[in-house]
Amino acid sequence: MAAINRRELLRNAFLIGGNVAASSAHLEPQRSAASQATGVDYYQKLGITPFINAAGTYTVLSASTMPPQVQAAIAVAAEHPVNLKELLVASGEYLAKRLHCESALVTCGAAAALTLGTAACVTVANQNAILGIPTDMAGLKNEVLVQRTHRYDYDHAVRNAGVRFVEVDTVDDYQRAFTDQTAMAHFFNAGEGKISREDWVRIAHQHGVPCFNDAAADVPPISNLWNYTQMGFDLVTFSGGKGLRGPQCTGLLLGRRDLIQAASQNNSPNSNTIGRGMKVAKEEIVGLVAAVDWFLEQEDEKLQTEFQQRAERIAAQVRMLPTVQTQIFVPPVANRVPHLLVTYDPSHIKITGTQVMEKMRQGNPRIELNPGTGGPPASAGLPGGQNTIIVGVWMLQPGEDAIVAHHLHEVLRAAAS
Ligand SMILES: *Cc1c(COP(=O)(O)O)cnc(C)c1O
């Protein structure tokens with residue numbers, strides 16, 4: 001949580017790329033205006049207390065923090081103006097190469113990618129339609145097929161493009177649901193349903209309809225970044241601010257060249273478009289590219305081992321209390337990393353999960369447990385429950401697992417009879 005100061009950022013930047021060091025060298029010894037400034041702690045000034053993130057990558061909790069090399073790349077990018085269209089094209093080409101897909105676009109989050117990708121399917125090869133959507137849909141395809149079980153909290157992002165959902169349950173329903181109004185077939189990667197990814201793609205393509213896979217929260221594993229485009233999905237999105245640990249307001253839209261092109265035409269910085277309110281700044285575009293570079297340097301096994309060990313260290317401490325049981329759980333698709341589940345007998349430890357969460361939140365330091373603690377599951381594939389405490393360990397900073405273990409042990413011990 002320690003704020004990285006400006007000087008450290010720049011020093012890191014020098015270490016990363018020869019070009020950066022070279023292009024910034026002329027700023028020495030005078031230094032640029034920004035690098036002379038010391039950052040004010042605006043959280044403190046505004047009375048906002050940061051917390052230890054033992055929750056995971058939840059949007060309202062600001063999802064993830066950016067690794068130092070991402071923060072440093074952003075600080076460097078912030079120093080100079082550029083042409084946004086050039087930067088979007090160049091970053092897209094770079095990302096497409098690194099992520100083994102035809103084409104890519106940095107968007108203002110996965111939710112914006114859903115809107116732009118859907119808009120692309122509706123407006124592809126039809127310039128006039130860009131102006132018409134979402135209200136003037138006459139003559140435009142306006143139906144999106146989806147499994148009933150894949151309706152979710154991000155429906156609105158798709159509907160923003162002026163389309164409506166047509167729900168199906170079985171492969172037979174799906175086959176019969178295609179009409180000349182079908183613009184797209186939408187898939188929620190972490191959703192459950194009767195129709196597999198492979199069938200979803202194959203049948204859509206038989207009808208000449210593009211399919212979109214929302215895999216926003218579905219890295220790690222790292223290879224997911226290309227698994228779904230290679231499976232044949234025409235569009236795939238990942239959130240930039242979740243497992244990738246880029247700027248929270250970024251996302252990746254990956255896929256077919258003509259559709260990514262159409263998505264760009266519907267996007268900022270073009271003014272009279274559906275995406276104009278989804279602007280991504282130069283710092284954020286660069287930040288996501290840097291985050292992808294950082295993520296591709298990681299190794300799945302090392303990440304999983306690190307998270308497993310954090311969970312085990314916390315488990316070892318709370319398991320010393322009477323009736324406490326611990327389990328390490330890896331959700332199947334979204335947030336596929338070890339989580340610690342702690343359960344206990346409420347007649348011995350007289351506190352609900354919700355109360356534990358509140359006490360941890362009000363402690364010093366503040367700690368946020370996974371929002372599924374004491375209640376319904378907080379994301380696809382995670383459990384919940386009244387006497388279940390869920391610790392999301394993957395967004396903890398080094399050393400924070402010991403702090404979480406200590407405070408969780410204290411809160412439970414105080415309630416033990
Ligand atoms: C988080 C999430 C999104 C939205 O991602 P943002 O990058 O926050 O816009 C969309 N779909 C799913 C399944 C998500 O988990």
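Please read all numbers here as calculations on a predicted model, not as lab measurements.

**So, the overall build of the protein chain**
- Within the protein chain, the regular secondary structure consists of 17 helices and 12 strands.
- Dimensions of the protein chain, computed from the C-alpha atoms along their principal axes, are close to 70 × 65 × 35 Å.
- Taking as baseline every contact in the protein chain between residues at least 6 positions apart, the subset at least 24 positions apart corresponds to 70%.
- Side-chain charges of the protein chain comprise 34 positive and 38 negative groups, with the mean position of each set lying 4 Å from the other.

**Points about the domain arrangement of the protein chain**
- According to the domain assignment, the protein chain contains domain 1 (6-65 + 299-415) and domain 2 (82-146 + 157-170 + 179-189 + 207-296).
- Taking only C-alpha atoms, the centre of domain 1 and the centre of domain 2 are 29 Å apart.
- Summing the contributions of domain 1 and of domain 2, the shared interface buries around 1300 Å²; its carbon and sulfur component is 53%.
- Among the residues domain 1 hides against domain 2, the three largest losses belong to Asp300, Val333 and Arg336. Together they make up 31% of the total.
- There are 0 salt bridges connecting domain 1 and domain 2.
- For the pair domain 1 and domain 2, the interface holds 5 residue pairs in polar contact (both at pLDDT 80 or more).
- A class-by-class count of the residues in the side of domain 1 that touches domain 2 yields 7 nonpolar, 7 polar and 3 charged.

**As for the environment of Ser239**
- Mapped onto the elements of the fold, Ser239 is located in strand β7 (residues 235-239).
- By relative accessible area, Ser239 is classed as buried at 8%.
- Contacts of Ser239, omitting those with residues within four sequence positions, involve Ala110, Ala216, Leu244, Thr250 and Gly251.

**Topic: the pattern of salt bridges**
- One pass over the structure, following the stated rule, counts 17 salt bridges.
- A salt bridge links Arg310 to Glu306; the nearest nitrogen and oxygen atoms lie 2.7 Å apart. Highlighted residues: Arg310 and Glu306, both in helix α15 (residues 300-318), separated by 4 residues, approximately one helical turn.
- Residue classification places Arg310 among the buried residues on the basis of a relative accessible area of 8%.
- Members of the salt-bridge network, linked through shared partners, are Arg148, Arg151, Asp155, Glu167 and Asp169.

**So, the environment of Arg276**
- Looking at where Arg276 falls in the secondary structure, it is placed in the loop between α13 (257-265) and α14 (282-297).
- Sequence separation between Arg276 and Asn266 is 10 residues; the distance between their C-alpha atoms is 7.9 Å.
- Non-local contacts of Arg276, meaning those with residues more than four positions away in its chain, are made with Ser268, Pro269, Asn270 and Ser271.

What counts as what
Residues numbered from 1 in each chain as written. Predicted model: local features only at pLDDT ≥ 70, side-chain atom pairs only at ≥ 80, totals over all residues. Heavy atoms only, no water. Helix = DSSP H or I, 4+ residues; strand = E, 2+ residues; numbered from the N terminus. Contact = heavy atoms within 4.5 Å. Lys, Arg positive; Asp, Glu negative; His and termini not counted. Charge placed at Lys NZ, Arg CZ, Asp CG, Glu CD. Domains from an automatic or database assignment. Buried area = accessible area lost by both parts, 1.4 Å probe. Salt bridge = Lys/Arg side-chain N within 4 Å of Asp/Glu carboxyl O. Polar contact = N/O pair within 3.5 Å; in protein donor to acceptor, adjacent residues only side chain to side chain. Nonpolar A, V, L, I, M, F, W, Y, C, P; charged D, E, K, R; others polar. Buried < 20%, exposed > 50% of the residue type's maximum accessible area, 1.4 Å probe, protein only.

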